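Observations on the model geometry
Residue strings, one per chain:
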Amino acid sequence: MARAERSLTGVALTEPVLDRRGDLRTDPGLISRLLADPATRVLRLVGDRAEVEDRPDGTAGVSLTAPGPDDTSHLAIYLGDSGGAAHVAVLTDPATAADDAVLAPAMRTLREVGARLDPLGGALFAGTLALANWHRSHGHCPRCGAPTEPASAGWTRRCPRDGSEHYPRTDVAVIMAVVDDADRLLLARNQRFRSGGMSVLAGFVEPGETLAAAVAREVHEEVGIRVDEVTYLGDQPWPFPSSLMVGFRAHALTTDLRLQEDEIASARWFSRDELLAAVADGSVHLPGRVSIARRLLEHWFGGEVEAPETFGLR
Ligand SMILES: [Zn+2]
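To start, this report covers the structure provided alongside it. Just so it is clear, the model here is predicted, and its values are computed rather than measured.

Another point: the overall build of the chain. Regarding its fold elements, the chain presents seven helices and 17 strands. Since a compact globule built from 314 residues should have a radius of gyration of about 20 Å, the 21 Å found for the chain is in line with a globular shape. Counting only C-alpha atoms, the chain reaches 60 × 50 × 35 Å along its principal axes. Partitioning the contacts of the chain with sequence separation of at least 6, the portion at a separation of at least 24 is 64%. Here the chain displays about 15300 Å² of accessible surface, and carbon together with sulfur accounts for 51% of that area. Seen as two clouds, the 33 positive and the 45 negative side-chain charges of the chain have centres 2 Å apart.

This paragraph deals with the packing of helix H6 (residues 272-280) against helix H7 (residues 292-301). Angle between the axes and distance between the axes: these two values describe a pair of packed helices. Across the interface, H6 lies against H7 with an axial gap of 11 Å and an inter-helix angle of 130 degrees. Relative to H7, the element H6 lies oblique. At the point where H6 passes H7, the crossing takes the left-handed sense. Two secondary-structure elements touch here, H6 through Arg-272, Leu-275 and Leu-276 and H7 through Leu-297, Trp-300 and Phe-301.

A separate point is the packing of aromatic side chains. On inspection of all chains with the given rule, the structure shows three aromatic pairs. On the basis of an interplanar angle of 70 degrees and a centroid distance of 4.8 Å, the ring pair of Trp-238 and Phe-240 is categorised as edge-to-face. Judged by its relative accessible area of 7%, Trp-238 is buried. Against the face of Phe-240 rests Arg-111, its NZ or CZ located 4.2 Å from the ring centre.

Turning to the coordination of the zinc ion, a few remarks are in order. Of the protein atoms, only Cys-141 (SG), Cys-144 (SG), Cys-159 (SG) and Asp-162 (OD) coordinate the zinc ion, at distances of 2.2 to 2.4 Å. In this structure, the zinc ion is coordinated by four donor atoms arranged in tetrahedral fashion, with angles at the metal of 100 to 120 degrees. Given the relative accessible area of 33%, Asp-162 is considered partly exposed.

Along the chain, Phe-240 connects to Pro-241 via a cis peptide bond; the corresponding omega equals 5 degrees. As for its placement among the helices and strands, Pro-241 is situated in the loop between strand E13 (227-238) and strand E14 (243-252). For Ser-152, which is not a glycine, the phi torsion comes out positive at approximately 50 degrees. Within the secondary structure, Ser-152 sits in the loop between strand E7 (149-151) and strand E8 (156-158).

Within strand E5 (residues 85-92), eight of the eight residues are buried, which leaves the element mostly enclosed by the surrounding structure. Burial of the side chains of E5 extends over both faces: Ala-85, His-87, Ala-89 and Leu-91 are buried on one face and Ala-86, Val-88, Val-90 and Thr-92 on the other. Both strand E1 (residues 41-46) and E5 contribute to a ladder of six bridges, which runs parallel. In the sheet register, Arg-41 faces E5, and the bridge partner there is His-87. Pairing geometry for strand E4 (residues 75-82) and E5, over seven bridges, is antiparallel. Note on E5: the bridge partner recorded for Asp-81 is Ala-86. In this antiparallel pair of consecutive strands, E4 and E5, the connection spans two residues, and Gly-83 shows a positive phi of 60 degrees.

Moving on to the pattern of salt bridges. Scanning the entire structure with this criterion turns up 20 salt bridges. For Arg-116, the salt bridge goes to Asp-54, with nearest N and O atoms at 3.0 Å. One end of the pair, Arg-116, is in the loop between helix H3 (110-113) and helix H4 (119-137); the other, Asp-54, is in strand E2 (residues 49-54), and 62 residues separate them in sequence. Under the relative-accessibility criterion, Asp-54 is labelled partly exposed at 43%. Where Asp-171 meets Arg-169, a salt bridge forms, and the shortest distance between an N and an O atom there is 2.7 Å. A single salt-bridge network, built from bridges that share partners, covers Glu-206, Glu-209, Arg-217, Glu-218 and Glu-221.

This next bit is on the sheet that holds E7. Read from one edge to the other, the open sheet built from three strands follows the order E7-E8-E9, with strand pairing classed as antiparallel. Taken across any chain shown, the strands that pair with only one partner, and hence form the sheet edges, are E7 and strand E9 (165-166). Where E8 lies against E9, two bridges are found, and the strand directions are antiparallel. Bridge assignment links Arg-157 to a residue of E9, and that residue is His-166. Docked against the sheet, H4 engages E7, E8 and E9, running at close to 20 degrees with respect to E8.

The next point concerns helix H5 (residues 211-223). Given a rise of 1.5 Å per residue, 13 residues ought to cover 18 Å, and the 18 Å separating the end C-alpha atoms of H5 matches this to within 8%. Within H5, the full set of buried residues consists of Ala-214, Val-215, Arg-217, Glu-218, Val-219, Glu-222 and Val-223. Where H5 is buried, its residues contact strand E10 (171-179), strand E11 (185-190), strand E12 (201-204), E13, E14 and strand E15 (264-270). One or two positions beyond H5, positive phi appears at Gly-224, with a value near 75 degrees.

Calculation notes
Residues numbered from 1 in each chain as written. Predicted model: local features only at pLDDT ≥ 70, side-chain atom pairs only at ≥ 80, totals over all residues. Heavy atoms only, no water. Helix = DSSP H or I, 4+ residues; strand = E, 2+ residues; numbered from the N terminus. Rg over C-alpha atoms; globule rule 2.2 N^0.38 Å. Contact = heavy atoms within 4.5 Å. Areas by Shrake-Rupley, 256 points an atom, 1.4 Å probe, with all protein chains shown as cover. Lys, Arg positive; Asp, Glu negative; His and termini not counted. Charge placed at Lys NZ, Arg CZ, Asp CG, Glu CD. Axes fitted to C-alpha atoms, helices over the stretch in contact; angles between N-to-C directions. Parallel < 35°, antiparallel > 145°, perpendicular 65-115°, else oblique. Left-handed = near helix turned anticlockwise from the far one by under 90°. Phe/Tyr/Trp six-rings, centres within 6.5 Å; stacked < 30°, edge-to-face > 60°. Buried < 20%, exposed > 50% of the residue type's maximum accessible area, 1.4 Å probe, protein only. Lys NZ or Arg CZ within 6 Å of the ring centre and 35° of its normal. Donors = N, O, S within 2.8 Å, 3.2 Å for Na, K, Ca; no water. Tetrahedral: all angles 85-135°; square planar, octahedral: opposite > 155°, others 65-115°. Pairing = 2+ DSSP bridges. Salt bridge = Lys/Arg side-chain N within 4 Å of Asp/Glu carboxyl O. Expected span 1.5 Å × (residues − 1).

Structure, rendered in structure tokens:
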């Protein structure tokens, strides 16, 4: 067999097409100046949805418009520059938005559209959603409990009572293709997955732990397998609500599975032929094309796997 590529390619939401210009965020007048400039490109996020434009070739972009008069009454974030234009996200609570702004068919979630988004659309939508999720759930100061206020062009929150500054959090998770000596891939169905849904194992990194140690611990906890040769293949922002998925391949030292029953409903080793047969007869549904889980699986497989039915991950 041909040697596998050393790293993942074509992972959705990972193209570094935005110049984030962190140096500009400290300018307190930046947002109001950008929202008064018709050259600014605005992405409007309503809850977790943004307007998406489908293209004839099957790809999609996020709708970007000039600033509107209402934008200054919402939380706005300077995302960065691309193509010579500043890009700003404006966040709206669906409870206060007009129904047609929430329910219009063009309003999509990142899960729905992420696999087809162009690189700029993916970067803008993923970054905006991660920041929106953080602002939504971190409105109070962890030191004194006072309500905090957005600062740094939307990239921090500041406590007006004690002056403390708070930064967006990213929760690091490992996700791993575990392969045995017969070159079979381990797939498991988490208790949260719909019937038939199977994927590679994943879990959050714990405090004080390295990425490689987290891979080994999660695999052993969930299926009772010891691994070595833990190799980094790629990563992906996964803003549901705030993860960074770090993808690995790992070599299984044993093959007898012992499942962690409250977490793993089933698990099994697949040869390439067995996986194709299970996908074809509908007994196995793979994770969606937007996910690094699917790319890790296809990295092992050696090419794209056509799967008519997929299921959503966390
Ligand atoms: Zn405080």
